[in-house]
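# Observations on the three-dimensional arrangement
Chain by chain, the residues:
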Amino acid sequence: MPRAGSLGILLLLPVIGGYGCTRSHDDAGTAAEATDLPALCDAFEVSGLPHAARVTATEMKAGRDFDLDVCVVRGEIVSSPASTIQWAVELPSPAAWNGKSLTVGGGGFDGFIPTDADWTGAWYRGKPYARFSSDAGHQVQLFIPWGLDDVALQNHGYLANHKTLEVGTRIVAAFYGKPPVRRYMVGLSNGGRAGLVAAERYPGDYDGIVALAPAINQQSHQLGMLELMRHVFSAQDNWMSPADVELYMNAEIAVCDELDGLEDGIIHNFSACNYDAADLLCAGEKTDACLTEGQLATIALVHRDHPYQVALSDGLPAAYPGFGRGGAPSGDWVDYLFGREFENPSPFNYVAADQAVKVVEGNDAASVMAHDPTEHEAGWQRLSSAIDPTARDMTAFRDRGGKLLVWYPAGDACVSIYRFAQYYDALKQNMGADPVQEFSRFYVMPALGHELVGPGANSVDFLEKLEAWVEQGSAPDGHAAAKLDESGTETRFERPVCQFPAFPRYDGSGDPGRAASFRCSVDREGP
């Protein structure tokens, strides 16, 4: 569920500009013979697309400074009167194409074309895939009104990406004269959830999937946020301003920084950090240098589980876990928990829960502050059965050689890393720990928020690691993440990337800027 302006979220996302020919046409014909991409793009026509898909336009899009020029084929699949899937296929020149496809997942509640958004380009920068994406069957980036329609809900939950993949594969074959030899998917937040759903429901769709901070069990998240958001916005003394968040952030770092053996301003040993901010309690009137009792209660709620009384289809505990430590410096606490105004609740977790409540009740006037989920259990189950991955079985995906890589920020305050840990444990219980390890990895990235930003190391070529595992059998173990400078060209420091629940612990000697000076440790209290 990425933020607009950084990695995008519910707000309208910018469309990347293009140049050259844009023309509408009906389906017909085959790829024209041409030697340069603009001419090939202008002449391209295709017929017989799956799912009665219709091409609406072709256009050139400039790659600018981080990508290649591509020919964009746009179209639609009319699924029902209430749900039309708008899709895009981006095609590099035949000479540049790497022979593979990449489906790019969305974020938030979908409703936009991910490959049109600037923030997704960081994942495939300069990599010449044929790229597929869709708006998931609706053009509104909120849950109302499309969440009331069953077909639209299924498109969002699992069908749109599957159908777009089949359409895109047909277009690739027509454009290049051959289908892709490998098919990959990458997505963050809701896009990461979509990757897990694809591995479960359509195990033949992808050879490999990268799921970044996957927003699994969305209805569990929304139900869990009812308690937290009601507390935060029921009284001014419970809400935390950006200044209050910064006060807490600095104090938490000061207390928990050295738990990993090194004072570097980064909370790596996130599981051992239990700072409760009691030392910041105001002795009298509230000032910018202290916190109220209500705010201390808020901090406790942020980090503890939130039980609910509704059965969902995910099969996981009926309590949404608290958020991990170290997320405040990333901006997550402001954007996802508190917003910038008490009087106008705007953080994503409030909006997400409020939108779900409106859909569940079928009432646009319904509110987080008054909703009783036990009176609308069937509505919650309806959403959960269409959206949630179940962690029951990925045997078919594994057996055909599929690989799954998950990177999760420890400090994520949008969706909890501990919920994914429960999901991953359930997958191991259902399939066996060794079989799960054969095809998947679950990496934790400390001191980062939902969009993998923050003081921790966050620069990893996710797709390179995935391709090496799928195509060369090289499992992505023992690798490092870098923290780059503001220019994005120089490495400030490196840290090893550890499998959850391990974290990078400083060995006590050696260059603290090098990953080799750290080891992955699960000993919360050890030296």
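Residues numbered from 1 in each chain as written. Predicted model: local features only at pLDDT ≥ 70, side-chain atom pairs only at ≥ 80, totals over all residues. Heavy atoms only, no water.

Looking only at helices and strands, the protein has 14 helices and 17 strands in total. Relative to the 2.2 N^0.38 estimate, which gives 24 Å for 527 residues, the radius of gyration of the protein is 23 Å and therefore close to what a compact globule would have. A principal-axis box enclosing the C-alpha atoms of the protein has dimensions of 75 × 60 × 45 Å. Per-residue burial for the protein yields a buried fraction of 60% across its 527 residues. Counted over contacts in the protein with a minimum sequence separation of 6, partners at least 24 positions apart contribute 68%. About 19,100 Å² of surface is accessible on the protein, with carbon and sulfur atoms providing 49% of the total. One finds the centroid of the 39 positive side-chain charges in the protein at a distance of 6 Å from the centroid of its 70 negative side-chain charges. (Helix = DSSP H or I, 4+ residues; strand = E, 2+ residues; numbered from the N terminus. Rg over C-alpha atoms; globule rule 2.2 N^0.38 Å. Buried < 20%, exposed > 50% of the residue type's maximum accessible area, 1.4 Å probe, protein only. Contact = heavy atoms within 4.5 Å. Areas by Shrake-Rupley, 256 points an atom, 1.4 Å probe, with all protein chains shown as cover. Lys, Arg positive; Asp, Glu negative; His and termini not counted. Charge placed at Lys NZ, Arg CZ, Asp CG, Glu CD.)

This brings us to the nonpolar core. By size, the foremost hydrophobic cluster in this structure holds 122 residues, and its most contacted members are W87, L91, I171, W333 and M394. Among the elements that take part in this core, helix 3 (residues 150-176) stands out by supplying ten residues, more than any other. What M394 contacts, discounting residues up to four positions off in sequence, is L196, A199, E200, L404, Y423, L427, M431 and F439. (Core = buried A, V, L, I, M, F, W, Y, C linked by side-chain atoms within 4.5 Å.)

With that settled, the discussion passes to the state of the cysteines. Here, disulfide denotes a covalent bond that connects the sulfur atoms of two cysteines. Applying the stated criterion across every chain yields a total of four disulfides. In this model C41 forms its disulfide with C71; the gap between the sulfur atoms is 2.2 Å. Its S-S torsion of approximately 75° makes the covalent link between C41 and C71 right-handed. Of this pair, C41 sits in helix 1 (residues 37-43) while C71 is found in strand 3 (residues 70-80), placing the two residues 30 residues apart along the sequence. Under the relative-accessibility criterion, C41 is labelled buried at 1%. With a relative accessible area of 0%, C71 lands in the buried category. Paired by a disulfide, C256 and C273 hold their sulfur atoms 2.1 Å apart. Looking down the S-S bond of the C256 and C273 bridge, the torsion is 75°, so its handedness is right-handed. With C256 in helix 6 (residues 242-256) and C273 in the loop between helix 6 and helix 7 (293-303), the pair connects residues that are 17 residues apart, well separated along the chain. (Disulfide = S-S within 2.5 Å.)

Within the secondary structure layout, A117 lies in the loop between strand 5 (100-104) and helix 2 (121-124). Residues A117 and G106, eleven residues apart in the sequence, show an inter-C-alpha distance of 9.5 Å.

Below, the discussion takes up the environment of L312. With respect to the helices and strands, L312 occurs in the loop between strand 9 (306-307) and strand 10 (319-320). In this structure, the C-alpha to C-alpha distance between L312 and Q219, residues 93 residues apart in sequence, is 7.8 Å. Excluding anything up to four places from it in sequence, L312 contacts Q219, S220, L223, W380 and S384.

This part is about the packing of helix 9 (residues 348-361) against helix 10 (residues 377-387). Interhelical geometry of helix 9 versus helix 10 gives an angle of 115° and a closest axis separation of 8 Å. The orientation of helix 9 relative to helix 10 falls into the category roughly perpendicular. The handedness of the crossing between helix 9 and helix 10 comes out as right-handed. Contact residues: helix 9 offers A356, V357, V359 and V360, while helix 10 offers G379, W380, R382 and L383. (Axes fitted to C-alpha atoms, helices over the stretch in contact; angles between N-to-C directions. Parallel < 35°, antiparallel > 145°, perpendicular 65-115°, else oblique. Left-handed = near helix turned anticlockwise from the far one by under 90°.)

So, on to unusual backbone geometry. Outside of glycine, negative phi angles account for most residues, and trans bonds account for most peptide bonds. Backbone torsion omega between I144 and P145 reads 5°, so that peptide bond is classified as cis. Looking at the secondary structure, you find P145 in the loop between strand 6 (130-134) and helix 3. Residue P501 is reached from F500 by a cis peptide bond, and omega for that bond is 10°. Its location among the elements puts P501 in the loop between strand 15 (498-499) and strand 16 (503-506). For A52, which is not a glycine, the phi torsion comes out positive at approximately 55°. Within the secondary structure, A52 sits in the loop between helix 1 and strand 2 (54-61).

All right, on to helix 7 then. An α-helical segment advances 3.6 residues per turn. Residues three or four places apart therefore align on the same side. Of all eleven residues in helix 7, eight are buried, a share of seventy percent or more. Against the buried residues of helix 7 lie helix 5 (218-232), helix 6, strand 9 and helix 8 (332-338).

This next bit is on the pairing of strand 13 (residues 480-484). Inspection of the sheet shows strand 13 paired to strand 14 (residues 491-496) by five bridges, in the antiparallel sense. Following the sheet pairing, K483 is matched in strand 14 by F493. Linking two consecutive strands that pair antiparallel, namely strand 13 and strand 14, is a turn of six residues; a positive phi of about 75° is found at G488 within it. (Pairing = 2+ DSSP bridges.)

Attention now goes to helix 12 (residues 417-431). The end-to-end C-alpha distance of helix 12, which contains 15 residues, comes to 21 Å, matching closely the 21 Å that a straight helix rising 1.5 Å per residue would cover. Residues of helix 12 that are buried: I417, R419, F420, A421, Y423, Y424, A426, L427 and M431. Capping the start of helix 12, S416 holds a side-chain oxygen 3.1 Å from the backbone nitrogen of Y418, two or three residues further along. G432 sits one or two residues past helix 12 and shows a positive phi near 100°. (Expected span 1.5 Å × (residues − 1). Polar contact = N/O pair within 3.5 Å; in protein donor to acceptor, adjacent residues only side chain to side chain.)

Overall, the coordinates contain 29 aromatic pairs when judged by the stated rule. Consider the rings of Y506 and F518, whose centres lie 5.4 Å apart with planes at 50°: the pair is tilted. Remark: F518 occurs in strand 17 (residues 518-521) and Y506 occurs in strand 16; sequence separation between them is twelve residues. Like Y506, the residue F518 is buried in the burial classification. By the ring-pair criterion, three or more aromatic residues cluster together here, those being F270, Y408, Y418, F420, Y423, Y424, F442 and F500. (Phe/Tyr/Trp six-rings, centres within 6.5 Å; stacked < 30°, edge-to-face > 60°.)

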